Amino acid sequence: MRLWLDIETRSSVPIKHGIAKYATDAEVIMWQWAIEDGPVHVEDGPRLPSNLLIAVMQSDEIWAHGAEFETTVLESVEEWPELPQSVWRCTMALARMHGLMGGLDKLCEIFKIPHEEAKDKRGRELIQLFCVPRKNGLYNDRRSHPKEWAEFREYGASDVTAMRAVWKQCPKWNATPRMWAIWHLDQRMNARGVAVDLKLAEGAVIATKAAKERQDQVASQAAEAAKLLLESNAAVAKAAATANRETSTALGKIHTLVNSNLTNAQSRELDATRVM
């Protein structure tokens with residue numbers, strides 16, 4: 001049996017910090033699912049609906065779009081059963097196995113999914129309203145915004161119908177057991193993460209900060225030295241200009257004095273000598 005699954009969540013940790021960190025404070029606020037080609041079910045969270053739990057336990061394949069989000073967040077749901085990684089499938093991964101982009105809205109455009117089955121374009125606005133905390137840390141919900149919540153439920157259902165419609169249209173020829181095995185391995189590696197020496201990382205941060213402070217100090221000293229050099233050059237140039245003016249003035253006075261004590265013939269001879 002094939003199960004189509006989607007969840008809407010909220011968290012005080014921004015999703016830009018990564019799914020793993022986001023999931024540490026995530027809460028499921030809406031469950032959406034369908035079995036095979038059956039009707040889409042939508043139920044408010046956070047508790048896992050009993051009929052969904054039964055469907056999960058009976059399913060051979062559980063499909064989600066960007067399934068790493070669901071698998072990571074659902075680990076923190078107490079009622080969620082422990083499942084083998086091999087039951088999970090991802091329509092985003094399926095599309096990328098065939099050289100297609102991963103966005104569900106873009107895939108709906110590529111495959112010309114009918115409007116009534118395509119992803120609802122109101123999603124971004126509704127997610128911002130219900131999934132992101134207000135400045136005071138509280139959330140909007142079905143009680144504070146009942147009209148918008150009804151639209152939010154419709155949006156959630158549209159994700160399931162869109163995912164199912166994309167799966168039907170998407171090529172399958174490259175989605176071999178080997179490719180799914182590689183995808184499952186990739187998911188296990190991402191879930192496990194990478195071991196990090198925290199003391200080494202903290203030491204690297206401290207060393208980098210100290211090196212930057214030393215560089216800033218050297219740059220500051222160099223800038224101060226350059227400033228002093230420019231000021232010194234300017235002072236020398238000013239002194240030289242003053243000395244030139246004073247020398248010219250003194251020579252002029254001497255010339256005047258000398259000329260005043262010479263005969264006309266001697267003055268002309270002196271002027272001729274200067275010209276030569």
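It should be emphasised that the depicted structure is a prediction, and the values quoted were computed from it without experimental measurement. (Residues numbered from 1 in each chain as written. Predicted model: local features only at pLDDT ≥ 70, side-chain atom pairs only at ≥ 80, totals over all residues. Heavy atoms only, no water.)

Asker: What am I meant to see in the overall build of the chain here?
Answerer: On a plain count of helices and strands, the chain comes out with ten helices and five strands. When the accessible area of the chain is evaluated, it comes to approximately 17900 Å², of which 58% is carbon and sulfur surface. (Helix = DSSP H or I, 4+ residues; strand = E, 2+ residues; numbered from the N terminus. Areas by Shrake-Rupley, 256 points an atom, 1.4 Å probe, with all protein chains shown as cover.)

Asker: I would appreciate a short explanation of the packing of aromatic side chains in the present structure.
Answerer: Each aromatic ring pair is summarised here by two numbers: the centre-to-centre distance and the angle between the ring planes. In total, this model carries twelve aromatic pairs according to the counting rule given. Aromatic side chains Trp-31 and Trp-80 sit 6.4 Å apart centroid to centroid with 15° between the ring planes, which places their arrangement in the stacked category. On the criterion of sequence distance, the pair formed by Trp-31 in strand 2 (residues 27-35) and Trp-80 in the loop between helix 3 (67-74) and strand 5 (88-90) is long-range, its members being 49 residues apart. For Trp-31, a relative accessible area of 0% puts it in the buried group. Ring plane angle 90° and centroid distance 5.6 Å describe the contact between Trp-63 and Trp-180, whose orientation is recorded as edge-to-face. (Phe/Tyr/Trp six-rings, centres within 6.5 Å; stacked < 30°, edge-to-face > 60°. Buried < 20%, exposed > 50% of the residue type's maximum accessible area, 1.4 Å probe, protein only.)

Asker: Sorry, what's going on with the side chain of Ser-158 here?
Answerer: Among the secondary structure elements, Ser-158 is positioned in helix 7 (residues 146-169). Ser-158 sits in the buried class, given a relative accessible area of 9%. With sequence-adjacent residues up to four places away left out, Ser-158 is seen in contact with Glu-117, Ala-118, Lys-119 and Asp-120. (Contact = heavy atoms within 4.5 Å.)

Asker: I'm lost on helix 6 (residues 123-130) in this one. Help?
Answerer: In an α-helix, one full turn covers 3.6 residues, which means residues spaced three or four apart are oriented alike. Inspection of helix 6 places Gly-123, Leu-126 and Phe-130 among the buried residues, and these make up the whole buried set. All buried residues of helix 6 fall inside an arc of 70° around its axis, so they share one side. Turned more than 90 degrees off the buried face of helix 6, the exposed positions are Arg-124, Glu-125 and Gln-128. In this structure, the buried residues of helix 6 make contact with strand 1 (2-10), strand 2 and helix 7. (Arc of directions from axis to C-beta.)

Asker: How should I be thinking about the nonpolar core in this particular structure?
Answerer: As a rule of thumb, soluble globular proteins bury nonpolar side chains together. Judged by nonpolar contacts, the single largest core of 48 residues is most densely connected at Trp-31, Trp-80 and Trp-88. No other element matches the six residues that helix 7 contributes to this core. (Core = buried A, V, L, I, M, F, W, Y, C linked by side-chain atoms within 4.5 Å.)

Just distances and angles here, no functional claims.
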